[in-house]
Every structure is written in structure tokens, then in C-alpha cells.
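# Remarks on the overall topology
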Amino acid sequence: MLEIGIFCVILLAAGYWTTMFVMGRRDDVIHGKFVHAEEAGDFAQAAMPAPPPFPKRPVKAVQPVIAEAKPVNSAALESLLAAIQQDLKSVA
């Protein structure tokens, strides 16, 4: 297991070296010198674009208020009760 771990570390270092060499950072690879913030003065930081305006909330339409509820007569309720009882008897 130790040998596998050491081999993986060496493989990772070789991959890092290869990647840096291919990407054109040959000085960093050869000399082990890395770019620091004070040396990178010729690079200008990209300006952040202004964020897009946040969309406004949609205005909900006002629901019309129902003036009065229709009164329910007892004949309609009795008819509904009879229909429900008929359905229950047919199911049972």
C-alpha cells in the first residue's frame, strides 16, 4: 500500500510538470519559480460588468368579490342526500 501511495504522488507530480510545460509555463517548471502578485503588474484585472436589473414583481390582478352567495333550499339538499344514499346502496 505504501508503494502505491508513493507511486501515486510521483505520478501526480509528473502530471503537474507535464501540464505546466504544455501550457507554456516552462520557467516555472524548470526553475520552480512561481508568479507572485507583485511580479504580475502588467496584467490588468478584468472589470466586472454591472449586474442586470432585478425584475420587478408582477402585479396580481384583484379578484372580484362575490356579492352574495346563493341560498340553498332544503329540496336541493334532500335531493342530493337521496342520490348519495342511492349510490351507497348500489355499492354495498
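Residues numbered from 1 in each chain as written. Predicted model: local features only at pLDDT ≥ 70, side-chain atom pairs only at ≥ 80, totals over all residues. Heavy atoms only, no water.

Another aspect to go through is the overall build of the protein chain. Summing up its helical and strand segments, the protein chain has 3 helices and 0 strands in all. For the protein chain, the α and β elements follow one another from N to C terminus as α-α-α. A total of about 9600 Å² of accessible surface is found on the protein chain, and carbon and sulfur atoms cover 68% of it. (Helix = DSSP H or I, 4+ residues; strand = E, 2+ residues; numbered from the N terminus. Areas by Shrake-Rupley, 256 points an atom, 1.4 Å probe, with all protein chains shown as cover.)

Any region with low pLDDT has predicted coordinates that should not be read closely. Residues at a pLDDT of 70 or more form 72% of the protein chain, whose mean pLDDT is 78. Of all secondary-structure elements in the protein chain, the lowest mean pLDDT belongs to helix α2 (residues 26–31), at 58, while helix α3 (residues 74–91) reaches the highest, 91. (pLDDT = per-residue confidence, 0-100.)

Counted at 1.5 Å a residue, the expected span for helix α1 (residues 2–22) with its 21 residues is 30 Å, and the 30 Å between its end C-alpha atoms agrees. Backbone geometry just downstream of α1 places Gly24 in the positive-phi region, at approximately 95°. (Expected span 1.5 Å × (residues − 1).)

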